[in-house]
Amino acid sequence: GSPVVVRNTGSGSVPVPVQDTSPPDLTVPGPVTVEAIGPQTTVTIGIATATDIVDTDVTVTNDAPTTFPVGTTTVTWKATDDNANFSEKTQDVTVVDSTTPVLSGLSDISPLEATSTDGAVANFTVTASDLVDGAVGVSCTPSSGSFFGLGVNNVNCSAADVAGNTGSGSFTVTVQDTTPPVFT
């Protein structure tokens, strides 16, 4: 006889798991630079966007503080899809202080009566305030308590903040001799 050929055929399926391992594509705003309005400044940093090849719902977060100090703060943005895949990018936020301190008490002193034939001592108070640093020290030349000669004397004052911004101003001290001589 002829050989008997038996052919076995079969079919089946094996489940192949499909996994989303691709992180979202994250686009963050560019760097931001603003002028300080105080020790802390509110900054509008913009909005990041993200897309994902599988998920339509991508969560975007950042670690930005509510307000920013003077200097550069790096904000980290994170985009996370429904399968916990994520991507991160950073944005620099810079707050600069270029505002000078404001001096107060720069009022002319006039007339100041001479206490000797050479003039008089003048006392005054000049203060300075900076929007970032608050009260800052003031230096005046000549200083309060100095002896001022007869006539008009200029006083120049300045104050510097931590960022190196210097505010300045001046005023005059006028010394006169209106006291008549005393005869004995």
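Definitions and limits used
Residues numbered from 1 in each chain as written. Predicted model: local features only at pLDDT ≥ 70, side-chain atom pairs only at ≥ 80, totals over all residues. Heavy atoms only, no water. Core = buried A, V, L, I, M, F, W, Y, C linked by side-chain atoms within 4.5 Å. Buried < 20%, exposed > 50% of the residue type's maximum accessible area, 1.4 Å probe, protein only. Helix = DSSP H or I, 4+ residues; strand = E, 2+ residues; numbered from the N terminus. Contact = heavy atoms within 4.5 Å. Pairing = 2+ DSSP bridges. Axes fitted to C-alpha atoms, helices over the stretch in contact; angles between N-to-C directions. Disulfide = S-S within 2.5 Å. Phe/Tyr/Trp six-rings, centres within 6.5 Å; stacked < 30°, edge-to-face > 60°. Lys NZ or Arg CZ within 6 Å of the ring centre and 35° of its normal.

### A closer look at the nonpolar core
Right, so step 1: Ranked by size, the top nonpolar core spans 17 residues in total, and within it F124, V126, F148, V155, C157, F171 and V173 carry the most contacts.
Right, so step 2: Listing elements by their share of this core, those giving two or more residues are β11 (119-122), β16 (151-160) and β17 (166-176).
Right, so step 3: Setting aside anything within four residues of it in sequence, one finds V173 in contact with I109, L112, A122, F148, G151, V152, N153 and V155.
Right, so step 4: With 14 residues, the next largest nonpolar core counts V32, V58, V95 and V132 among its residues.

### Quick word on the sheet that holds strand β14 (residues 139-141)
Right, so step 1: Reading across the sheet, the 4 strands line up as β10-β17-β16-β14 and stay open at both edges, with mixed pairing between neighbours. The open sheet is flanked by β10 (109-113) and β14, the only strands paired with a single partner. Shown here is a sheet whose adjacent strand axes are inclined to one another by a mean of 25°, direction ignored.
Right, so step 2: Looking at chain direction, β14 and β16 are connected through 3 bridges and run antiparallel. Each residue of the ladder has a partner; that of T141, found in β16, is N156.

### Some thoughts on the state of the cysteines
Here, the word disulfide means a covalent bond between the sulfur atoms of two cysteines.
Right, so step 1: What the rule picks out here adds up to 1 disulfide.
Right, so step 2: One disulfide bridge connects C140 with C157, the sulfur atoms lying 2.1 Å from each other. On the sign convention where negative means left-handed, the S-S torsion of about 110° between C140 and C157 marks this disulfide as right-handed. Taken together, the positions of C140 in strand β14 and C157 in strand β16 put the pair 17 residues apart, joining distant regions of the chain.
Right, so step 3: Exposure remark for C140: the relative accessible area of 15% places this residue in the buried category.
Right, so step 4: Classification of C157 as buried rests on a relative accessible area of 3%.

### Focus: the packing of aromatic side chains
Right, so step 1: Inspection of the entire model under this criterion finds 1 aromatic pair.
Right, so step 2: Measuring from ring centre to ring centre gives 5.0 Å for F124 and F171, while their planes differ by 80°; the resulting arrangement is edge-to-face. With F124 in the loop between β11 and β12 (127-130) and F171 in strand β17, this residue pair connects regions lying 47 residues apart in the sequence. No difference in accessibility class separates F124 from F171, as the two residues are buried.
Right, so step 3: The ring centre of F86 lies 4.4 Å from the NZ or CZ of K78, which sits over that ring.

### Digging into the environment of I53
Right, so step 1: Examined against the element boundaries, I53 turns out to sit in the loop between β4 (49-51) and β5 (59-62).
Right, so step 2: I53 gets classed as exposed once you look at its relative accessible area, which sits at 72%.
Right, so step 3: For the pair formed by I53 and P23, sequence separation is 30 residues and the distance between their alpha carbons is 8.6 Å.

### Examining the pairing of strand β15 (residues 146-149)
Right, so step 1: In β15, alternate side chains face the same way, and those of S146 and F148 are buried while those of F147 and G149 on the opposite face are not.
Right, so step 2: Relative to β15, β11 runs antiparallel, the two sharing 4 bridges. Across the sheet, the residue bridging to A122 is S146, located in β15.

### Examining the pairing of β17
Right, so step 1: The sheet contact formed by β10 and β17 spans 3 bridges and is parallel. Within the sheet, the bridge partner assigned to E113 lies in β17 and is Q176.
Right, so step 2: Bridge count for β16 against β17 is 10 bridges, and the pairing is antiparallel. By the bridge assignment for β17, N154 is matched with T172.
Right, so step 3: The turn linking β16 back onto β17 is made up of 5 residues, and G164 within it adopts a positive phi angle of 90°.

In short, shape yes, function no, at least from these values alone.
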